[in-house]
Amino acid sequence: MRILLVEDDASLAGALAQMLRAEGHAVDAVSSGEQAVLAARQEPFDLVILDIGLPGIDGFEVLRRLRGGGGTMPVLMLTARDPVEDRVRGLDLGADDYMTKPFAMPELTARVRALVRRSQARAGPRIEHGPLVLDTAARRAFLGGEPLQLAAREWAVLEVLLARVERVVSKEAIIQAVTGWSEELSPNAIEVYVSRLRAKLEPAGIRIRTVRGFGYMLEEYQGG
Ligand code: CA
């Protein structure tokens, strides 16, 4: 795993880099948003750990530029700010995961491991559902023949639902499939991912039904 670490707090950056290297990852550390955007354009990183509060352009702007350029690399955001507001904004911009400072190092390594597992689970079949195609080997999605951008967790939720078309999947089962064992993800977060998937898929006639108090069901494709 090649990780881009974007953090202007030198002591925190040093500790994070040391810990990630100890876990066997290659770490490139930069301390400004501009450097991060340049680095991400030059190298295909497997994961970006991105602080929000940075000198110059902030982490949100870095994320916007990465996603604006079509980049799908997983992004884990770090913040010391108001978690609710930042979480929503980060998710809207396509962040895959989120941590609020201060955090325990083992918690961060657990999140990184979960993101690594998902990005490495690439050897799989091509999944088709109406106009939707997931090329799980190349990890690319298409809708009606056009590339479809999906954040890592949106992809993970969609894969779970696609594996059980016309069957109700509980929120707990989705959480288990999407997170690592030591992670905590609330049912509300799953609602966020599902609503983002709906926004992308429903215009093409692909419907995810809510089963109140239980979970979700991807309906059989009836035509757009
Ligand atoms: Ca900072």
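In this text, all values refer to a predicted model and were calculated from it rather than measured experimentally. (Residues numbered from 1 in each chain as written. Predicted model: local features only at pLDDT ≥ 70, side-chain atom pairs only at ≥ 80, totals over all residues. Heavy atoms only, no water.)

1. So, the sheet that holds strand 11 (residues 208-211)
1) Next: With antiparallel pairing, three strands are arranged side by side in an open sheet as 10-12-11. Looking at the sheet topology across the chains shown, the edges are occupied by strand 10 (169-170) and strand 11.
2) Next: Of the strand pairs in this sheet, strand 11 and strand 12 (residues 215-218) are connected by four bridges, and their pairing is antiparallel. Across the sheet, Ile208 pairs through a bridge with Leu218, a residue of strand 12. (Pairing = 2+ DSSP bridges. Helix = DSSP H or I, 4+ residues; strand = E, 2+ residues; numbered from the N terminus.)

2. Comments concerning the coordination of the calcium ion
1) Next: For the calcium ion, the full set of protein donor atoms is Asp8 (OD), Asp51 (OD) and Gly53 (O), at a range of 2.1 to 2.3 Å.
2) Next: Residue Asp51 is classed as buried on the basis of its relative accessible area of 3%. (Donors = N, O, S within 2.8 Å, 3.2 Å for Na, K, Ca; no water. Buried < 20%, exposed > 50% of the residue type's maximum accessible area, 1.4 Å probe, protein only.)

3. Points about the packing of aromatic side chains
1) Next: Overall, the coordinates contain zero aromatic pairs when judged by the stated rule.
2) Next: Arg89 extends its terminal NZ or CZ atom over the ring of Phe60, reaching a point 4.0 Å from the ring centre. (Phe/Tyr/Trp six-rings, centres within 6.5 Å; stacked < 30°, edge-to-face > 60°. Lys NZ or Arg CZ within 6 Å of the ring centre and 35° of its normal.)

4. Overview of the environment of Val62
1) Next: Mapped onto the secondary structure, Val62 falls in helix 3 (residues 59-68).
2) Next: In the structure, Val62 is positioned 113 residues away from Ile175 in sequence and 28 Å away in space, judged by C-alpha atoms.
3) Next: Those residues in contact with Val62 that lie beyond four places of it in its chain are Gly33, Ala36, Val37, Leu50 and Ile57. (Contact = heavy atoms within 4.5 Å.)

5. Examining the domain arrangement of the protein
1) Next: The domain architecture assigned to the protein consists of domain 1 (2-122) and domain 2 (126-218).
2) Next: Distance between the C-alpha centres of domain 1 and domain 2: 23 Å. (Domains from an automatic or database assignment.)

6. Focus: the pairing of strand 3 (residues 47-51)
1) Next: Most of strand 3 is tucked away: five of the five residues are buried.
2) Next: Burial along strand 3 is two-sided: Leu47, Ile49 and Asp51 facing one way and Val48 and Leu50 facing the other are all buried.
3) Next: Bridge count between strand 1 (residues 2-6) and strand 3: four bridges; the pairing is parallel. Residue Val6 lies in a different strand from strand 3, and its bridge partner there is Leu50.

7. Concerning the pattern of salt bridges
1) Next: Applying the stated criterion to the full structure yields 15 salt bridges.
2) Next: Across the salt bridge formed by Glu7 and Lys101, the nearest N and O atoms sit 3.0 Å from each other. Residue Glu7 is found in the loop between strand 1 and helix 1 (10-22), and its partner Lys101 is found in the loop between strand 5 (97-100) and helix 5 (105-120); the two are separated by 94 residues along the sequence.
3) Next: Using a relative accessible area of 3% as the deciding quantity, one classes Glu7 as buried.
4) Next: Linking Glu61 and Arg65 is a salt bridge whose minimum nitrogen-to-oxygen distance equals 2.8 Å. In this pair, Glu61 and Arg65 both sit in helix 3, four residues apart, roughly one turn of the helix.
5) Next: Since its relative accessible area comes to 36%, Arg65 is described here as partly exposed.
6) Next: A single salt-bridge network, built from bridges that share partners, covers Asp97, Glu107, Arg111 and Arg153. (Salt bridge = Lys/Arg side-chain N within 4 Å of Asp/Glu carboxyl O.)

8. Considering the packing of helix 6 (residues 152-162) against helix 8 (residues 187-201)
Relative orientation and spacing of two packed helices are given, respectively, by the angle between their axes and the distance between those axes.
1) Next: Contact geometry for helix 6 and helix 8: axes closest at 9 Å, N-to-C directions at 85 degrees. Relative to helix 8, helix 6 is oriented roughly perpendicular. On helix 8, the residues that touch Arg153, Glu154, Val157 and Leu158 of helix 6 are Tyr193, Val194, Arg196, Leu197, Lys200 and Leu201.
2) Next: Considered class by class, the residues forming the contact of helix 6 with helix 8 number six nonpolar, no polar and four charged. (Axes fitted to C-alpha atoms, helices over the stretch in contact; angles between N-to-C directions. Parallel < 35°, antiparallel > 145°, perpendicular 65-115°, else oblique. Nonpolar A, V, L, I, M, F, W, Y, C, P; charged D, E, K, R; others polar.)

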